[in-house]
Amino acid sequence: MVILQFAHRLMGAMWIFAGAAVVLVAGVSVAASEQLWQIALGDVPQIQAALQLAFERGPSIVMILAGLITGAYMIFVGTGLLMLRGWARLIALASNTTIGACLAALTASIVMYIPAGQMMTPTTLIVGVSGVSACAMLAFSVLLSTQAASSLFAEPAPALPKTPAVKCPTCGGALDLARARCPKCDTEMERPIEPKRARLVEAKTGKEHIVSLRKLNRIGRDAPNLEIALEHRSVSGNHASIEYHQGRFYLHAHDDTFGTFVNQRRTRDAEIHHNDVLTFGQAEFRFIVDY
């Protein structure tokens, strides 16, 4: 996970650096462009005529403005990647895929017209740079599209209110309900305290799914006979199940194509506790137990 964070933040820094370079080049061009200064310093009635003259005689001005906008866009997206924002991942994924595919097509079209055995020329150098850039961008697109990247860029789950602490009858400290004992005085209860109810709360929407304490809770996608049906493409038909037994909750993975995770760790069978984050494919939930 640390390596993935470093890789994505490094790409964000590269986006910012490239955007700053584009803005710098465009800024130098602005300083050298007399026509653009005339537009900026001219009277209001003359701006329209000056703009028309610029488009007719100075196409470089249009390129300068495009460069400034492109540079600002790259800095904006790079900052989002550096901060691991989900929207930046989607934009960077689309941009890298599009630009990488275009560069790959350009490289292939140029290679077709280079004679076999031709020595190093500026054209072949351009082809090499274009090809390497295309491969790098497409590789980064694949990296951005993985489940790990989706989890890394996911927005943090909203803070949910904690349930009131149950006090130990001996010392008055907070009981460890999952283990039915007091961590302060080490008093052990005769039996685990029965919860009133349990639920899965969707992290993004806050939608709740009740977890039954009396029967197996089967979790899957779009199936009316399941106890918990989730409308998410990354959730399998028979994805997982949650069961309650003698004061403890257990999560079991079944035919989970895109994985089942407890606090971002993939699992097949695990005991789960109050406030754990459960992820089925790309659908993230907070597990809440009310006592």
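Everything numeric here is computed off the predicted structure, so don't read it as measured data. Residue positions are given per chain, counted from 1 along the sequence in the order it is written. Only residues with pLDDT of 70 or above have their local features reported here, since the model is predicted, and side-chain atom pairs are shown and tallied only from 80 upward, although totals for entire chains, interfaces and linings are computed over all residues. Hydrogens and water molecules were not included; the side-chain quantities draw on all heavy atoms of the structure.

*Asks:* Would you explain the packing of aromatic side chains in this entry?
*Replies:* The description of two aromatic rings rests on the distance between their centres and on the angle between their planes. Note on ring pairs: Phe, Tyr and Trp rings are taken, using the six-membered ring of Trp, and paired if centres are within 6.5 Å. Classes follow the plane angle, with under 30 degrees stacked, over 60 edge-to-face and the rest tilted. Applying the stated rule across the entire model yields five aromatic pairs. Pairing F280 with F285 gives two aromatic rings, centres 5.9 Å apart and planes at 55 degrees, and the pair type is tilted. Relative accessible area serves as the criterion here: at 0%, F280 is assigned to the buried category. The class of F285 is buried, set by a relative accessible area of 2%. Here the term buried applies to any residue with accessible area under 20% of the maximum for its type, exposed to any over 50%, and partly exposed to those in between, with areas from a 1.4 Å probe on protein chains only.

*Asks:* Would you take a moment to explain the side chain of T267 for this structure?
*Replies:* Runs of H or I in DSSP of at least four residues are treated as helices and runs of E of at least two as strands, each being numbered from the N terminus. Inspection of the secondary structure assignment puts T267 in the loop between β8 (265-266) and β9 (269-272). By relative accessible area, which is 13% here, T267 ends up buried. Between N or O atoms, a polar contact is any pair within 3.5 Å; within protein, one atom must be a potential hydrogen donor and the other a potential acceptor, and residues adjacent in sequence are included only when both atoms are from side chains. A polar contact is formed between the side chain of T267 and the backbone oxygen of D269, at a distance of 3.3 Å. Those residues in contact with T267 that lie beyond four places of it in its chain are L251, A253, T260 and V262. The contact rule is simple, with two residues in contact once any of their heavy atoms fall within 4.5 Å.

*Asks:* Please explain the sheet that holds strand β2 (residues 208-211) as it appears in this structure.
*Replies:* Strand-to-strand pairing in sheets goes through backbone hydrogen bonds, with the strands running parallel or antiparallel. Across the sheet, six strands lie side by side as β2-β1-β11-β10-β7-β8; this open sheet has antiparallel pairing. With partners counted over all chains shown, the strands left at the sheet margins are β2 and β8, one partner each. A pair of strands is considered paired only if DSSP assigns at least 2 bridges between the two. In terms of strand pairing, strand β10 (residues 277-280) meets strand β11 (residues 283-290) through four bridges, oriented antiparallel. Residue pairing in the sheet places V277 in a bridge with R286 of β11.

*Asks:* Just to check I follow, could you spell out the nonpolar core for this structure?
*Replies:* Side chains of a nonpolar character, in soluble globular proteins, are inclined to be buried together. Think of a nonpolar core as a cluster: buried Ala, Val, Leu, Ile, Met, Phe, Trp, Tyr and Cys residues, connected wherever their side-chain atoms sit within 4.5 Å. Within the largest apolar cluster, 20 residues are counted, with the highest numbers of intra-cluster contacts made by L200, I242, L278, F280 and F287. Those elements that place two or more of their residues in this core are β1 (197-202), β4 (228-230), β5 (240-245), β6 (248-253), β10 and β11. Sort the elements by how many residues they give to this core and β11 lands first, with four residues. Setting aside anything within four residues of it in sequence, one finds F280 in contact with L200, I219, L230, S234, V235, H239, A240, L251, G259, T260 and F285.

*Asks:* Even after reading the chapter, I still don't get the environment of A229, so can you show me in this structure?
*Replies:* Assignment of secondary structure puts A229 in strand β4. Under the relative-accessibility criterion, A229 is labelled partly exposed at 34%. In the structure, A229 is positioned ten residues away from I219 in sequence and 6.0 Å away in space, judged by C-alpha atoms.

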